[in-house]
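Listed below, chain by chain, are the residues.
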Amino acid sequence: MVFYTCGPNEAMVVSGFCRSPPVMIAGGRVFVLPCVQQIQRISLNTLTLNVKSEKVYTRHGVPISVTGIAQVKIQGQNKVMLTVACQMFLGKTENEVAQIALETLEGHQRAIMAHMTVEEIYKDRQKFSEQVFNVASSDLVHMGISVVSYTLKDIHDDQDYLHSLGKARTAQVQKDARIGEAVAKRDAGIKEAEAQQAKVSAQYINEIEMAKAQRDFELKKATYDLEVNTRKAESDLAYQLQVAKTKQKIEEQKVQVQVVERTQQIQLQDQEISRKEKELEARIKKPAEAERYRLEKLAEAERMKLITEAEAEAESIRIKGEAQAYAVEVRARADAEQMAKKAEAFQEYQEAAIVDMLLEKLPEVVEEISKPLTQVKKIKMVSSGGSEVGAAKITGEVLDILNRLPESVEKLTGINLTQVSISGVNSVHW
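Source: prediction; values computed, not measured. (Residues numbered from 1 in each chain as written. Predicted model: local features only at pLDDT ≥ 70, side-chain atom pairs only at ≥ 80, totals over all residues. Heavy atoms only, no water.)

A.B. asks: Explain the environment of asparagine 45 here, please?
C.D. replies: On the secondary structure map, asparagine 45 appears in the loop between β5 (37-43) and β6 (47-57). Assessed through its relative accessible area of 28%, asparagine 45 is described here as partly exposed. The spatial distance from the C-alpha of asparagine 45 to the C-alpha of glycine 76 is 9.9 Å, given a sequence separation of 31 residues. Every residue in contact with asparagine 45, bar those within four places of it in the chain, is listed here: Asn9, Val72, Lys73 and Glu94. Within the structure, asparagine 45 has its side chain in polar contact with the side chain of serine 43 (distance 3.2 Å). (Helix = DSSP H or I, 4+ residues; strand = E, 2+ residues; numbered from the N terminus. Buried < 20%, exposed > 50% of the residue type's maximum accessible area, 1.4 Å probe, protein only. Contact = heavy atoms within 4.5 Å. Polar contact = N/O pair within 3.5 Å; in protein donor to acceptor, adjacent residues only side chain to side chain.)

A.B. asks: How should I be thinking about the nonpolar core in this particular structure?
C.D. replies: It is characteristic of soluble globular proteins that their nonpolar side chains tend to be buried jointly. Counting 40 residues, the largest nonpolar core has Leu49, Val72, Ile74, Phe128 and Ile145 as its most contacted members. Only β2 (10-16), β6, β7 (63-74), α1 (79-89), α2 (94-114), α3 (118-123), α4 (125-140) and β8 (145-156) provide two or more residues apiece to this core. Contact partners of valine 72, with chain neighbours within four places excluded, come to Asn45, Thr46, Leu47, Leu49, Ala101, Leu105, Leu140, Ile145, Ser146, Val147 and Val148. (Core = buried A, V, L, I, M, F, W, Y, C linked by side-chain atoms within 4.5 Å.)

A.B. asks: Even after reading the chapter, I still don't get the pattern of salt bridges, so can you show me in this structure?
C.D. replies: Tallied over the full model, the rule gives seven salt bridges. For aspartate 216, the salt bridge is made with arginine 215, and the minimal N-O distance between the two is 3.4 Å. A residue is classified by how much of its surface remains accessible, and aspartate 216, at 32% relative accessible area, is partly exposed. Aspartate 225 is the partner of lysine 221 in a salt bridge, and the nearest nitrogen-oxygen pair spans 3.1 Å. Note that lysine 221 and aspartate 225 are positioned in helix α6 (residues 189-349) at a spacing of four residues, about one turn of the helix. On the basis of relative accessibility, which here comes to 33%, the residue lysine 221 falls in the partly exposed class. (Salt bridge = Lys/Arg side-chain N within 4 Å of Asp/Glu carboxyl O.)

Printed below as a string of structure tokens:
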């Protein structure tokens, strides 16, 4: 067993056998079992940190540099903070602990500078120091480190902005002094004029410097605003592009889902069409084929029937034709015999036979001559004067035609009907 002690500026941590959780002693003594227990030390010294923030843009966009002095230490009297500090810094040197605390303080200092104006930092250093102290203390306490103090040491810039502010104040003081001198020496007109001229010149110089400072400020602010707006526009465009890509992916997924659904619908439709085809085949096609077969057989039977009837009719017509031909042949033979007999009679009686035949046909000739008159519904007679008109005229025309008939017969046959005697009659007077 070994006996260890430590001063008030450090703490000991004993871990190992029978030391769970580890034992922490700040400025005291402890017994340690070698090989089964371990002892480690952590410094409780106060650390002085030079916190520098170079060229930090304030709320109005003016870059300034600030240097602050901070005093920090690991709090050994607070067991909770000491436990946290041991968990985070045990085994680290003072320089490493100081560097961690320094970076934390610098970050908070830069953040507070960005939320304040140059005038606020320059004119109210106490307010700035308090804000850095409060923010840094609340953050470092979670590391087991307490901020003892913080003081703003220096403020400067590379753009002569602070110098311009100082010139304005200096000009104001000079103006007040010259006004006082002018009032004191108002009995001397020349001195008053010089004082007045100096006062006006100082005002002009002050206004020019202020205008220059304002101009520089506006130019830099415009530059910073342009950069900020550009970054913001790029960020907005990137966001919109990402949104458009996401929407496009969603639409593609929707299209794929629709394609799958459409494919399934097409398969269902094909199955439904196949089912309906089989149903139609069973309900319509098969009965239709049976009906067609029945109709074909009926048509075949009807055709055979018609063929048989046609053959029978043709046979009947043939027989009738043969009978008619035989009848015609018999009639022709009878006519031929009759004609032969007539020829023999004509040969024997010669002119008397011809005259007899003509006399038989004369009534028919007269009938044909007068037949057109029977079809006339209305006759208009026009007289040229000196002759008879009306029915007598028509009758006379007909009789005139009949009187000319023997002359026509004589021209055709060479027989004069007025000189022929038949059956004991010496002559026929027409």
